[in-house]
Amino acid sequence: MDSISRKINFDYNFISDKKTISNKDKRNIAAILAVEATLTIRINAELYFETEIAILEFYKCLWKWTEQVSVDCIPEFHYYTVEYADYEDGAILSLMPFSNKARLKSIWAEKDLYNIFDLNYIVQEFILLEKNLKRDIEDYFEIELEKFIKYIPIQRS
């Protein structure tokens, strides 16, 4: 049994200007999808994933997943984007629970790393990512995500 502790670190940097979007753009899908950030994921300090994404779309996907998480049910998480159409090999980013573990997978992984995590740990990290992302998006762009959430398009597999 592998006893090495697995740690994950999420980092994101907004690349869109602060003025790219405002609360008046809540129904403007082009403006919503134009809001971009670089998302970086490190596993045990090694680069696993790094790409520019439509951050509001990613946020909505993450938010919808956290709404479904409960003590009795940890659903799979899959992030697809409306800007990319070829998903033969899977989602851009997935979290797949099994037993008391979960596997992180990406079709755009920078490096093939062992990425099995303790289920409770990884779920808490994803929930924390959603909370931090919400706070930082609202602060940086000075918007209220609740006004946008139903208009943000998401791709389903």
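Residues numbered from 1 in each chain as written. Predicted model: local features only at pLDDT ≥ 70, side-chain atom pairs only at ≥ 80, totals over all residues. Heavy atoms only, no water.

Moving on, we come to the sheet that holds strand β7 (residues 116–118). In space, the four strands of this open sheet follow the order β4-β5-β6-β7, with antiparallel pairing throughout. Because the sheet does not close on itself, it has two edges, and the strands there are β4 (77–79) and β7. Here the average twist between neighbouring strands, direction ignored, is 25°. Where β4 meets strand β5 (residues 93–98), three bridges bridge the pair, whose relative direction is antiparallel. Residue pairing across strands places tyrosine 79 opposite leucine 93, the latter belonging to β5. Relative to the sheet, helix α3 (residues 119–141) contacts β4, β5, β6 (101–105) and β7, its axis offset from that of β7 by approximately 90°. (Pairing = 2+ DSSP bridges. Helix = DSSP H or I, 4+ residues; strand = E, 2+ residues; numbered from the N terminus. Axes fitted to C-alpha atoms, helices over the stretch in contact; angles between N-to-C directions. Contact = heavy atoms within 4.5 Å.)

Even without a glycine there, the phi angle at alanine 45 is positive, about 70°. By secondary structure assignment, the location of alanine 45 is in the loop between β2 (36–43) and β3 (46–54). Owing to a relative accessible area of 67%, alanine 45 belongs among the exposed residues under this scheme. (Buried < 20%, exposed > 50% of the residue type's maximum accessible area, 1.4 Å probe, protein only.)

Here we come to the pairing of β2. Burial of β2 is extensive: six of the eight residues sit out of reach of the surface. Bridge analysis of strand β1 (residues 8–14) against β2 gives seven bridges, and the strand direction is antiparallel. Bridged to asparagine 13 within β2 is threonine 38. As judged from the eight bridges shared by β2 and β3, these two strands associate in the antiparallel manner. The residue bridging glutamate 36 from the neighbouring strand is alanine 54, located in β3. In sequence, β2 turns back onto β3 through a hairpin of two residues, with asparagine 44 there showing a positive phi of about 50°.

Moving on to the state of the cysteines. The full count for this structure, using the stated rule, is zero disulfides. Among the cysteines around cysteine 61, which has no disulfide bond, cysteine 73 carries the closest sulfur, lying 15 Å off. (Disulfide = S-S within 2.5 Å.)

Let us look at the pattern of salt bridges. What the rule picks out here adds up to five salt bridges. Among the ionic pairs, glutamate 46 bridges to lysine 111, the shortest N-O distance being 2.5 Å. Of this pair, glutamate 46 sits in strand β3 while lysine 111 sits in the loop between β6 and β7, and the two are 65 residues apart along the sequence. (Salt bridge = Lys/Arg side-chain N within 4 Å of Asp/Glu carboxyl O.)

For the rest of this paragraph, the subject is the side chain of glutamate 130. Summarising the element assignment, glutamate 130 is placed in helix α3. Look past the residues within four positions of glutamate 130 in its chain and what remains in contact with it is Tyr59, Leu62, Trp63 and Thr66.

Ordered by their spatial adjacency, three strands build an open sheet running β1-β2-β3, and the pairing between neighbours is antiparallel. With one partner strand each, in any of the chains shown, β1 and β3 form the two edges of the open sheet. Neighbour to neighbour, the strand axes of the sheet diverge by 15° on average, direction disregarded. Along the sheet, helix α2 (residues 55–68) makes contact with β1, β2 and β3, crossing β3 at roughly 110°.

Sheet analysis places β5 next to β6, joined by five bridges and oriented antiparallel. By the bridge assignment for β6, methionine 96 is matched with arginine 103. As consecutive antiparallel partners, β5 and β6 are separated by two residues, and within that stretch serine 99 has a phi angle of approximately 55°, a positive value.

Honestly, it's all geometry; don't read function into it.
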